[in-house]
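Inside the fold
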Amino acid sequence: MPKWCKDLEKKLDEYVSEGSHSNFRLFLTSDPSKDIPIGILSRCIKITNEPPTGLKANLKRAWCFFPKDYIDDSDSKTRSILFGLCHFHSIMMERKKFGPLGFNMKYPFSIGDLRDSATCLQNYMDNTGGGKIPWQDLKYIFGEIMYGGHIVNDFDRLLANEYLNFFMKDDLLDEMEMYPFAEDEKGISFMSPAPTTFEKYIEHIDTHMKQDTPIAFGLHPNAEIEYRTQQSNEIFQMLLDLQPRSISGSGDGKSHQQVAEALSSDILEKFSEKMFDVDDLTRNLDEQGPYQNVFLQEMDVMNVLLSEIIRSLKELQLAFTGELTMSDSMEDLMISLYMDKVPVTWSKLSWPSKRGLSSWINNFLDRLAQLEEWANNPSEIPKVTWLSGLVNPTTFLTAICQVTAQRNQWELEKLVTFTDVTKRMNADELESSSRDGAYIIGLSIQGARWDVRNSQIEKSQPKEIFCPMPIINVRAVTKEKANVGGIYQCPVYLTEARGPTWFFNAQLKTKCDPAKWVLAGVALIADVST
């Protein structure tokens, strides 16, 4: 927001005091911003222009953006491609509502992207003179420059390109199914019309696009459940945030202080004896290899977090007894305990998580238990490592590559991780550790399910949001051997928030086109909060 807005606010105050012409009006336009001075907003009549809600409304708005004469004067190929482009635009605009399942990040796609893409399309069509359509050029311009210029996440860019691969092809010039990979869905379809007039296209949208469904985006119908659940959680969170923050109790309910006092004592009792003696462990190790380094680093992180938890809770208890003055940080801690939220000072030192405090505490105890188990036999890694229980799982994956490189005298930079999904769900079903890598557990698949019998990705069951994965063998291979067919490169994230929590790709077998799972937003999640 320009700095002159503050000067503008002063000028408007001067006009009010000095008087101005009765017909004087000031028109301002702006992108969404929190920095517009209150004085300007308070005296304005505010009008917002936001994209409509729903795929159908977005598609109609995108199509009606172009003048009727422009559409009717275009040749049949241009009209068909422009309709496909409008549908792609509406998909990109509306998919954002599904949150992390839709895109890893939020992008400012706008009608300007559609306008500029249509201009490039017209230029290309004029140059071809009715000849062969340069699909590859068009897809590159739309997916890498116009819309891709906003996209900074590699998986989101892949998603946009897969949409374009589906829409931008010769089938679009006639009647084509516009819902990707919807062949198995009964009664859900939307065909592109044969080239016709401007009004006929609008009539076709009104008649044949009967309902908004996640299937239109290539998503599973369960995505609607996740979307509605997310909306409900946001509403309830807003209601909780609006609750009065008085620390005194009312009626039969406990006050903030009473709840926080009881919870702090319970947490201190659980964690006061959990510190690790890292120096003693290091001295007793005969050989400190890559795996040992990983677990020692995990213990260091846990010690720092445990120290902060114990320190902050003891200070809070002293404040409750009146021995210390209640500071802002102590009050924030008390409110977090009362609201079942992980305190900010704790979360900064811990792992990414969307859990509530009670669930986070139980998860923390499980993580400590894994490290305690390893500390009993530090020369070997666990038979199956709970990957989700590591603060930095990337270091464990790197250790797998390091051990393989040392064993075979290979160059480390030429190795990548490769996953083989077993048919075993519990560590007790395994006789020994992996011979050529490490077994991991704790991942869940979102957007699809894992068929244990056939060892491949399949469509999710109704109302099944997350599907636990069997034990996975992670091994290091050369980059050449990692390029195999029938594989979906599945991104693995620390939490459902996705985005910056990605840490590696898992190779999952599939009989379907991998593009189907890309559009479905299929991913593995390490820490599921529900």
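Just so it is clear, the model here is predicted, and its values are computed rather than measured.

A few points about empty space enclosed by the protein
The final tally for this structure, using the stated rule, is three cavities of 30 Å³ or more. Its boundaries defined by the atoms lining it, the largest cavity holds a volume of some 170 Å³. Every residue lining the largest cavity is counted, 19 residues in all, and those nearest its centre are Asn104, Phe155, Arg498, Val518 and Gly521. Going through the elements one at a time, α8 (154-167) and β9 (487-493) are the ones with two or more residues in the lining of the largest cavity. Considered class by class, the residues forming the lining of the largest cavity number twelve nonpolar, four polar and three charged.

Points about the sheet that holds strand β2 (residues 415-421)
The four strands are arranged β1-β3-β8-β2 in an open sheet whose pairing can be described as mixed. Every other strand in the sheet has two partners, leaving β1 (384-386) and β2 as the edge strands with one partner each. Each adjacent strand pair in this sheet contributes to an overall mean axis angle of 40°, direction not counted. Two strands pair when backbone bridges link them, and strand β3 (residues 437-441) and strand β8 (residues 472-478) are joined in this way by four bridges, in the antiparallel orientation. Bridged to Ile440 within β8 is Ile472.

As for the environment of Lys341
Examined against the element boundaries, Lys341 turns out to sit in the loop between α14 (328-338) and α15 (344-347). Taking the relative accessible area as the measure of exposure, Lys341 reaches 33% and is therefore partly exposed. As for Lys341 and Lys354, which are separated by 13 residues in sequence, their C-alpha atoms are 9.4 Å apart. Discounting chain neighbours no more than four positions away, the residues touching Lys341 are Gln237, Asp241, Ser336 and Leu357.

Looking at the packing of helix α11 (residues 256-271) against helix α13 (residues 290-320)
At a closest axis distance of 10 Å, the pairing of α11 and α13 adopts a crossing angle of 140°. One finds that α11 runs oblique with respect to α13. Of the two elements, α11 crosses α13, and the hand of that crossing is left-handed. Listed contacts from α13 to Gln257, Ala260, Glu261, Ser264, Ser265, Ile267, Leu268 and Phe271 of α11 are Leu306, Ile309, Ile310, Leu313, Lys314, Gln317 and Phe320. In the contact of α11 with α13, the residues fall into nine nonpolar, four polar and two charged.

Describing the side chain of Thr510
Topologically, Thr510 is positioned in the loop between β10 (502-509) and α19 (514-519). Under the relative-accessibility criterion, Thr510 is labelled buried at 8%. If we skip the residues at most four places from it in the chain, Thr510 touches Gln456, Gly486, Ile487, Tyr488 and Trp517.

Some remarks on the nonpolar core
Grouped together as the largest cluster of nonpolar side chains are 130 residues, with contacts concentrated most on Trp346, Trp360, Phe364 and Phe396. A per-element tally of this core places α13 first, with 14 residues. Apart from the residues within four sequence positions on either side, Phe396 is in contact with Tyr291, Val294, Phe295, Ile381, Thr385, Leu387, Leu390, Ala438 and Ile440. Judged by nonpolar contacts, the second largest core, of six residues, contains Ile465, Tyr493, Ala523 and Ile525.

Here's the deal with helix α17 (residues 393-408)
At 3.6 residues per turn, the α-helix brings residues three or four places apart onto the same side. Helix length check: α17 (16 residues) gives 23 Å between terminal C-alpha atoms against 22 Å at 1.5 Å per residue, within 8%. Within the span of α17, buried status applies to Pro393, Thr395, Phe396, Leu397, Ala399, Ile400, Cys401, Val403, Thr404 and Ala405. Buried residues belonging to α17 abut α13, β1, β2, β3, β8 and β10. Immediately downstream of α17, the backbone of Gln409 shows phi near 60°, a positive value.

Digging into the sheet that holds β10
On the basis of which strands lie adjacent, the open sheet formed by five strands has the order β7-β4-β11-β9-β10 and mixed pairing. Each edge of the sheet is formed by a strand with only one pairing partner; in this case those strands are β7 (466-468) and β10. Shown here is a sheet whose adjacent strand axes are inclined to one another by a mean of 35°, direction ignored.

Parameters and conventions
Residues numbered from 1 in each chain as written. Predicted model: local features only at pLDDT ≥ 70, side-chain atom pairs only at ≥ 80, totals over all residues. Heavy atoms only, no water. 1 Å grid on protein atoms, 1.4 Å probe; cavity = no way out; pocket = protein on both sides within 12 Å on 5 of 7 lines; lining within 4 Å. Points joined across faces, edges and corners; volume = space filled by probe spheres on them. Helix = DSSP H or I, 4+ residues; strand = E, 2+ residues; numbered from the N terminus. Nonpolar A, V, L, I, M, F, W, Y, C, P; charged D, E, K, R; others polar. Pairing = 2+ DSSP bridges. Axes fitted to C-alpha atoms, helices over the stretch in contact; angles between N-to-C directions. Buried < 20%, exposed > 50% of the residue type's maximum accessible area, 1.4 Å probe, protein only. Contact = heavy atoms within 4.5 Å. Parallel < 35°, antiparallel > 145°, perpendicular 65-115°, else oblique. Left-handed = near helix turned anticlockwise from the far one by under 90°. Core = buried A, V, L, I, M, F, W, Y, C linked by side-chain atoms within 4.5 Å. Expected span 1.5 Å × (residues − 1).

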